[in-house]
Amino acid sequence: MTTTTATPSPPEILERAERLRRGLDLSFRDQIVEAIYSDAQRIASHAVRAKRPAGPTWDEKLDRILTSKLWGFPIMLAGLALVFWITIIGANYPSQAIAFALFKIEDWASALFNSLGAPWWLTGFLWHGIYRGLAWVVSVMLPPMAIFFPLFTILENLGYLPRVAFNMDWLFKKVGAHGKQALTMSMGFGCNAAGVIACRVIDSPRERLIAILTNNFVPCNGRFPTLIMLGIVFVAAAFPPAVASIAAAGSVVGVVLIGVFFTLLVSWTLSRTVLKGEASSFTLELPPYRRPNIGQILYTSIVDRTLFVLWRAVLMAAPAGGVIWLLSNISLGGDSLTGWISGFLGPLGHAIGLDGVILLAYIIAIPANEIVVPTILMAYTGAGMMIEIDSLRELQQLLVGQEGWTLLTAVCLMLFSLLHNPCSTTIWTIYKETGSARWTTIGALMPLAIAFVVCFIVAQAARLLI
Amino acid sequence: MEPSLAISLAAAAALALLTLWPRRGLLARWRRARRLAERVIVEDALKHIHARELRGTLATPESLAGKLDVGVRRALQLISDIQGRGLIQSTGPGLRLSPEGRKLALRVIRAHRLLERYLVDELRMPLEAIHATADRREHTMTVEEVDALEAQLGYPQQDPHGDPIPTSAGTLETVEATALSDWPIGMPAKIVHLEDEPPEVMTLIVGAGLALGMQIEVRESDEQRLALWDGESERELARLAASNVFVSELPHPVQPPARLSSLKPGEAGRIIALRCEGLNRRRLLDLGLTPGTLVECAFPGPAGEPRAYRVRGALIALRREQGDEIEIEPFTVSVEGSQ
Amino acid sequence: MTSKRPKSIRERKLPVVEPVPPFREGLRQLGIDTTDWDYVVALAGNPNTGKSTVFNALTGLRQHVGNWPGKTVARAEGGFAYEGKKYKLVDLPGTYSLLSASTDEEIARNFILFGRPDCTIIVMDATVLERNLNLALQILEITDRAVVCLNLMDEARRKGIRVNHKTLERELGVPVVPTVARTAHGMNELVAAVAGVASARIRTRPHRITATGDTARSVDELVALIEAAYPGLPNARWLAMRLLEGDKRVEDALRLGELSQLAVSRELEPAEVATSGAAAR
């Protein structure tokens, strides 16, 4: 010890550390890690008695199948399709029942208001505006979510998602991205904002940015109801009843696959242009499979996810319902505001296979994608037309019979819903995670541009060919 | 007249604001750009003089002018400028750095090599593209930023070409190395440095499959090319490129490179060394892939890659590239039997 | 309407209905109520060790549980009470190590070092103990107030792996409690151990990493210096290793005098620590 003072000052300590460091072998940092692991090994050998089973364990057998060349991908696709199929089958009747009940309440309440002598605009704004918006959101969203989330959470708790990332890594490697992007995409199924936050698991800043910017191409639960409704109303209707639900599930899987395709395409483009670089180091732990705890899953997925998301949608739907009612009932020169705006957006909407009302609904739904379908329906039925839509068949009649939707409209709407800009929460999350206004702008506008271009091409091609 | 006067006044005010606004105005930007340009040329000059000192042939005003792509007159002016600041010694025929100047030069080199490490490890830019980017950004970093970068990268010791990174205290290790073109035939060697300039030659070297840390032996050589043996296969390298590959002596004969990635499912190996630096190294170590660890290849992914390895009881997936960075000795007894 | 609804949704997250696992006397889950706590407890561990399940079992909260690495990205807090004392439980991001300096590791490490928790629960997966020990040993270098929660004992048994928790306890020098967090087995014992360590009733003698050769000599020399400057520091050795490595955060802490605070807190009575900590926040 060469210290002369009783209490060394911070600079003295730092200076000594610096001097000692210079005297050390350059690999001393490795030595510390190795020392930790050799202690760990010694302690484990004292405390653990493991008898290795004769044959391969259950985990190993499962891994062989779930990651095999032959079965890996088919099982992934089949699992996804099964989840959607159960959701579609299961959500159909509860949706109808809830819608029936809620719209009955609207009738009674508005009749009650009228008999009490309330002015027509109050009844209209409260019951045909705000309340109807809420009723739509609840009946369209609640049943599919209450089925989809628990199913998805089971896969998550089982430990299957890391295997998905493992299976898909080679694709991400090819496009210069990180295999853990598959994990962040899975998270995006629940909520894109959560998916963007989950991108923190990717260490390389370049690859994290790619994952953040492309997370939007995974349809979140806010957009699933749109896809599922379209799948049921248009795709399923074109098939005999026996296979209708399978066809609907297949169409949703198809949309998801298109989303994966665009994720890879955009990742590839980004890593060859603005985010140039080769794929970085990839390490992923494949955790042991765990028995899912069904009680906990039901509780978590219904309370934490379903009600949380539904509540967010309800908060957005109430004002949106009011806005739509106002737009539909304030007339200017003989036409309602809805008519004016959708008329103005009409040509643009037509060019990409949609119509003005759908674009209007997307503008109103920027805060939350969940309310797109309800907003469209409100806008169609809002202008005083008292149509009861308490079954999907009637919904189909409204859209096809009255508003002139075709299969092309449905396809373009599915594509637009998949590709268009993220909701405002996700945009804000991108800003918080990247800290850059530039990347946030790109993250918001790039998908929108892609959505317009893709829908335009599809619409024009379809019109030319058919 | 009134409105047009108001408009022109407003325009003048806006223009003045645009120009004079502190830190963001045009004037401030222009000043900053000039300061940076001056810093760039001074630091590049110091780097050149330092490189020549290391090589043993001192820099001259002419060589400096050539390197910086300026006229000799401008170079002379620059030299007297730098001399005025006490960064080079005023004696002797060639240019020599003063201690102060060497410190500054090493600081820039340190920033450059750390940046290269960052660009390769974290942004995964191709080896031949990093030099230009690092050349630009090395001049804009403060000492603290460079230190922070070093810490963030996990204290790498070499840049991606095998050049040592100067420490924050300003010491630079020298690598004892001979050009491969001067290396005797039949003597085992280890590649310790790859010269990255000119990039065309670097492309040749990378194309021949040569990498840092590789064990090689020269089998034959003629005027045109060298035949190299890496313990497993023969490689050809143009003589021109061989003078940009630097090697040092290997105490044992060339051994075939056994890498983790060469294990087939069910096979096992014991880790000898990690062939990577900085953060990549740290991450692998943190997963428990320390030298001496037994690793078993468990199963490949559907596309053959990545592969899952059993390490200390856990299942870890690695891509082929990570597997290539881990040197192993094959372990013949099956893992099942040993536990 | 809008003013009342959000509350009821939030209330649903509280265990108003009833905590699912049946608890014996002692532990009382407080959900998100973390007011007026007496002790701060950190929850650390590798990803996938059932850390979130332990968190949920202790607080009665329903934090999202998913079986993949890096799932907990934000820091969650909850509360529980035991024998008249209130505890604030802070769930740290799951990490494999504290050395690679990723964002998660930084958060976890800074909280254990500078947040001065009264106790740190280290959740370990009994089925892959060796791998989990890497993090555990690093945490024990930083803090001597720790309890190991040896989780997933049922999975280990299913796989034919037997872990002797008494041996482990002897080796690590801190209490080791075997648990099955999913069914709340061992939670009471865990809380009892946490209470003991937090109140300093249980004295711990944590394992220290055995460095060798020049590294060990340099560490020792630096430890002497640090201990002379800050007597009573619980982790002088770890700080010495970090300083040798050139850890910027620790160097800054040394310069700004944060280390002297770490030393001071050890000399106060536990009760005083808690109140002074509460006042500071």
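Residues numbered from 1 in each chain as written. Chains lettered and ligands numbered in written order. Predicted model: local features only at pLDDT ≥ 70, side-chain atom pairs only at ≥ 80, totals over all residues. Heavy atoms only, no water.

Colleague: Looking at this model, I keep getting lost on the overall build of chain B. Mind explaining?
Modeller: Helix and strand counts for chain B stand at 12 helices and 13 strands. With the principal axes as the frame, chain B shows a C-alpha extent of 95 × 60 × 35 Å. By sequence separation, contacts in chain B at least 24 residues apart represent 62% of the contacts at least 6 residues apart. Of the roughly 17100 Å² of accessible surface on chain B, 55% is carried by carbon and sulfur atoms. Side-chain charges in chain B split into 42 positive and 48 negative, and the spacing between the mean points of these groups amounts to 7 Å. (Helix = DSSP H or I, 4+ residues; strand = E, 2+ residues; numbered from the N terminus. Contact = heavy atoms within 4.5 Å. Areas by Shrake-Rupley, 256 points an atom, 1.4 Å probe, with all protein chains shown as cover. Lys, Arg positive; Asp, Glu negative; His and termini not counted. Charge placed at Lys NZ, Arg CZ, Asp CG, Glu CD.)

Colleague: Please explain unusual backbone geometry as it appears in this structure.
Modeller: Geometrically, the link from Glu 305 of chain B to Pro 306 of chain B is a cis peptide bond, its omega value of -5° lying close to zero. Relative to the assigned elements, Pro 306 of chain B resides in the loop between strand E10 (294–300) and strand E11 (307–311). For Leu 152 of chain C, which is not glycine, the phi torsion reads 60° and is therefore positive. Relative to the assigned elements, Leu 152 of chain C resides in the loop between strand E6 (146–151) and helix H5 (153–158). What makes Leu 152 of chain C buried here is its relative accessible area of 7%. (Buried < 20%, exposed > 50% of the residue type's maximum accessible area, 1.4 Å probe, protein only.)

Colleague: Explain the pattern of salt bridges to me, please; I cannot follow it from the model alone.
Modeller: It is possible for side chains of opposite charge to pair when their charged atoms get near one another. All names here are of chain B. In the structure shown here, the tally under the stated rule is 38 salt bridges over all chains. In this structure, the salt-bridge partner of Arg 113 is Asp 159, at a minimum N-O distance of 3.9 Å. Note that Arg 113 is positioned in helix H5 (residues 99–121) and Asp 159 in the loop between helix H7 (143–152) and strand E3 (178–179), a separation of 46 residues in sequence. When salt bridges that share partners are traced, they join Asp 44, Lys 47, Asp 135 and Glu 138 into one network. (Salt bridge = Lys/Arg side-chain N within 4 Å of Asp/Glu carboxyl O.)

Colleague: Which parts of the structure should I look at to understand a positive patch on the surface?
Modeller: Residues and elements named next belong to chain B. A cluster of basic side chains, namely Arg 23, Arg 24, Arg 29, Arg 31, Arg 32 and Arg 35, defines a positive patch on the protein surface. Mapped onto the fold, Arg 32 is located in helix H2 (residues 26–55). Relative accessible area serves as the criterion here: at 40%, Arg 32 is assigned to the partly exposed category. (Patch = residues over 30% accessible without salt bridge, like charges linked within 9 Å, V, L, I, M, F, W, Y side chains within 5 Å.)

Colleague: It is not clear to me how the pairing of strand E2 (residues 39–45) of chain C should be interpreted in this structure. Could you clarify?
Modeller: In regular strands, side chains alternate between the two faces of the sheet. Residue and element names in this part refer to chain C. Burial analysis of E2 places seven of its seven residues in the buried class, the great majority of the element. Burial along E2 is two-sided: Tyr 39, Val 41, Leu 43 and Gly 45 and Val 40, Ala 42 and Ala 44, pointing in opposite directions, are all buried. As paired strands, E2 and strand E5 (residues 119–125) are joined by five bridges and run parallel to one another. For Ala 42, the partnering residue across the bridge sits in E5 and is Thr 120. (Pairing = 2+ DSSP bridges.)

Colleague: I keep staring at the side chain of Asp 59 of chain A and nothing clicks. Help me out?
Modeller: Of note, Asp 59 of chain A is situated in helix H3 (residues 58–66). Of the polar contacts made by the side chain of Asp 59 of chain A, one reaches the backbone nitrogen of Tyr 289 of chain A; its length is 3.2 Å. Dropping the residues within four chain positions of it, Asp 59 of chain A is found in contact with Pro 288 and Tyr 289 of chain A together with Arg 158 and Lys 159 of chain C. (Polar contact = N/O pair within 3.5 Å; in protein donor to acceptor, adjacent residues only side chain to side chain.)

Colleague: Could you clarify how one ought to interpret the interface of chain B and chain A in this entry?
Modeller: Interface size is often expressed as the accessible area that is lost when the parts come together. Tallying the contact residues gives 45 residues for chain B and 43 residues for chain A. Across the chain B/chain A interface, buried area totals approximately 3700 Å², and carbon plus sulfur atoms make up 55% of it. The partner of Glu 60 of chain A in a salt bridge is Arg 310 of chain B, and the shortest N-O contact between them spans 3.5 Å. It is helix H10 (residues 278–286) of chain B that contributes the most residues to the side of chain B that touches chain A, seven residues altogether. Classifying every residue of the side of chain B that touches chain A gives 21 nonpolar, eight polar and 16 charged. (Buried area = accessible area lost by both parts, 1.4 Å probe. Nonpolar A, V, L, I, M, F, W, Y, C, P; charged D, E, K, R; others polar.)

Colleague: Help me understand the nonpolar core, please; the structure alone is not making it clear to me.
Modeller: Generally speaking, nonpolar side chains in soluble globular proteins are found buried as a group. By size, the foremost hydrophobic cluster in this structure holds 119 residues, and its most contacted members are Phe 224, Leu 399 and Trp 405 of chain A. Beyond its immediate stretch of four places on either side in the chain, Phe 224 of chain A contacts Phe 84, Phe 148, Phe 189, Pro 219, Val 252 and Val 256 of chain A. Core analysis: the second largest hydrophobic core is formed by 92 residues, Leu 20 and Ile 43 of chain A together with Ala 229 and Tyr 230 of chain C among them. (Core = buried A, V, L, I, M, F, W, Y, C linked by side-chain atoms within 4.5 Å.)

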